[in-house]
Amino acid sequence: MPILSLTEAELRARRSMKWRAFAPDILPLWVAEMDVALHPAVREVLREAADRGDTGYPHGRAYAEAFAAMAAEVWGLQLDGPRQIKQSGDVMNGILAVLSTTTAPGDRVVINPPVYPPFRQVTGGYDRQIVEVPLTEAGRLDLPALTEVLATRPAAYLLCSPHNPTGAVHTRAELETVATTCHEYGVQLVVDEIHARIVDPGVRFTSALDVPGGEHAVVVTSAGKAWNLPAFKAGLIIGGLQTSDILAKLPPLALQAMGHWASMAHTAAMREAQDWVDQVSAEIAANKVLLAELLASTLPGARYQPGEGTYLAWVDCTALGLPHPAHDFREVGRVAFSPGRDFSAAHSQWVRINLACSPTLLTEAVDRMVATVEAVGA
Ligand SMILES: Cc1ncc(COP(=O)(O)O)c(C=O)c1O
């Protein structure tokens, strides 16, 4: 039985943002929630906690240990858990904690647009100056441009790996260049690896902690995306072996922000749902092929180059002749995608499509794109 097989009727009962933000006739393929049922192991752990009335504070380091075991088994990454891994609240607040420890107001922080919109909030929103080094046309890191900017010694570089929205899985060689260059110029490398467990079958994810220079990097991650647990705010701040001074200075409240149920849910996912995440990754890879085929046959003006990671598709709608693609798709075709301009001012003609849905819903979404273009397009 496919994991991505929930029907629209089943999903409409949900009360989360994806399913409630828009009118009920709008098909939502926008915010990064997955159309999956809870993994049975996660459901069981939560059900048992509910039965016990077990709603107190979290205790222990089970989440950090479960992550370290997963990282060793899946990526061959050996972490010194107690020394390197701190349990925290969600990923963005973990990044905020690291940036507030390693940078000061007015400092420059590098990001790579188009990029997950809260990367601007966690930097510019806290009085850091944003330095943009855009991805290349092909959606990859622009290493020559990055090297040039890093040589001017900004305070930090906030990297998304794999990249949201393009789905680029940075190679070991790219990460090594980034990590060693950051170290050479004293730039603090902070890497968001929340999407790491969703990569196409056969594709290898490399953690920034696993390359030369990575001893000085700090990674922030969680089970929130790959196992669809954003309802449960938990995260991990993982320092390279040379970052003990940073980890020691993290704001104390950031290390108390994880909830007890969140810890239990994320731990169960890490421990018991690895096969599940492999299966869902394969289904997402199939959805990427399906989307590419559907667009090629029914909407050839839409340009889509599938990334190897994440369940996100980054689609260039420039040639469709729509004045405001995301708005037009939503208001005319009744299908919601994330607007490209949220990720970069230069990408207002792009949309991000959430592929963590059934092939049936994805096909319906493309039908609605076609109807939009027929009604509005040039
Ligand atoms: C790259 C990236 N980082 C962080 C998050 C959010 O994580 P959290 O809710 O743990 O802050 C998302 C959610 O889509 C994401 O795509």
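Calculation criteria
- All residue numbers refer to positions counted from 1 along the written sequence of the respective chain.
- pLDDT decides what is reported in this predicted model: residues at 70 or higher carry local features, side-chain atom pairs at 80 or more are listed and counted, and totals for whole chains, interfaces and linings draw on all residues regardless.
- Only hydrogens and water are set aside when side-chain values are computed; all heavy atoms of the structure are taken into account.
- Secondary structure counts use DSSP, requiring at least four H or I residues in a row for a helix and at least two E residues in a row for a strand, with both numbered from the N terminus.
- By definition in these notes, contact holds between two residues if any of their heavy atoms fall within 4.5 Å.
- Partly exposed residues are those whose accessible area sits between 20% and 50% of the maximum for their type, while under 20% is buried and over 50% is exposed, using a 1.4 Å probe and protein chains only.
- Only strands joined by at least two bridges in the DSSP assignment are considered to pair.
- A crossover counts as right-handed when, viewed with the strands pointing away from the observer, the path leading from the first strand over the helix to the second turns clockwise.
- Any carboxyl oxygen of Asp or Glu within 4 Å of a side-chain nitrogen of Lys or Arg constitutes a salt bridge here.
- These domain limits were set by an automatic method or by a database of domain assignments.
- N or O atoms closer than or at 3.5 Å make up a polar contact, with two conditions inside protein: a donor-capable atom paired with an acceptor-capable one, and, for residues adjacent in sequence, both atoms drawn from side chains.
- Lys, Arg, Asp and Glu make up the charged group, whereas Ala, Val, Leu, Ile, Met, Phe, Trp, Tyr, Cys and Pro make up the nonpolar group; the residues left over, Gly among them, are polar.

### Comments concerning the environment of Lys225
Point 1. Inspection of the secondary structure puts Lys225 in the loop between strand S7 (218–221) and strand S8 (235–239).
Point 2. For the pair Lys225 and His324, spaced 99 residues apart in sequence, the C-alpha to C-alpha distance is 28 Å.
Point 3. Among residues more than four places away in sequence, those in contact with Lys225 are Ala32, Met34, Ile194, His195, Pro230 and Tyr311.

### Here we look at the pairing of strand S6 (residues 188–192)
Point 1. Within S6, five of the five residues are buried, leaving the element largely enclosed by the surrounding structure.
Point 2. What you see with S6 is no split at all: Gln188, Val190 and Asp192 on one side and Leu189 and Val191 on the other are buried throughout.
Point 3. As defined by bridge partners, strand S5 (residues 156–160) adjoins S6 across five bridges and the pair is classed as parallel. Within S6, the position partnered with Tyr157 by the bridge is Leu189.
Point 4. Between S5 and its parallel partner S6, the chain crosses via helix H9 (residues 172–184), and the hand of that crossover is right-handed.
Point 5. Of the pairings in the sheet, the one linking S6 to S7 comprises three bridges and is parallel in character. Opposite Val190, over in S7, you have Val218 as the bridge partner.

### Section: the pattern of salt bridges
Point 1. Scanning all chains against the criterion turns up 18 salt bridges.
Point 2. The residue Arg140 makes a salt bridge to Glu174 at a minimum N-O spacing of 3.0 Å. Of the two residues, Arg140 is situated in the loop between strand S4 (129–132) and helix H8 (143–150) and Glu174 in helix H9; the sequence distance between them amounts to 34 residues.
Point 3. Linking Glu331 and Arg334 is a salt bridge whose minimum nitrogen-to-oxygen distance equals 3.9 Å.
Point 4. Classification of Glu331 as partly exposed rests on a relative accessible area of 38%.
Point 5. On the basis of relative accessible area, Arg334 is assigned to the partly exposed category, the value being 23%.
Point 6. Residues joined in a network through salt bridges with shared partners are Asp25, Arg330, Glu331 and Arg334.

### A look at the domain arrangement of the protein chain
Point 1. We note that the domain assignment places domain 1 (8–31 + 274–376) and domain 2 (43–272) within the protein chain.
Point 2. Put simply, the middle of domain 1 and the middle of domain 2, counted by C-alpha atoms, are 26 Å apart.
Point 3. At the junction of domain 1 and domain 2, the tally comes to two salt bridges.
Point 4. The closest approach of N and O atoms between Asp200 and Lys288, which form a salt bridge, is 2.7 Å.
Point 5. Our enumeration of links across domain 1 and domain 2 arrives at 11 residue pairs in polar contact (both at pLDDT 80 or more).
Point 6. Where the side of domain 1 that touches domain 2 is concerned, the elements lending two or more residues are helix H12 (274–298) and strand S10 (312–316).
Point 7. A per-element tally of the side of domain 1 that touches domain 2 places H12 first, with 10 residues.
Point 8. In the side of domain 1 that touches domain 2, the residues fall into 10 nonpolar, seven polar and seven charged.

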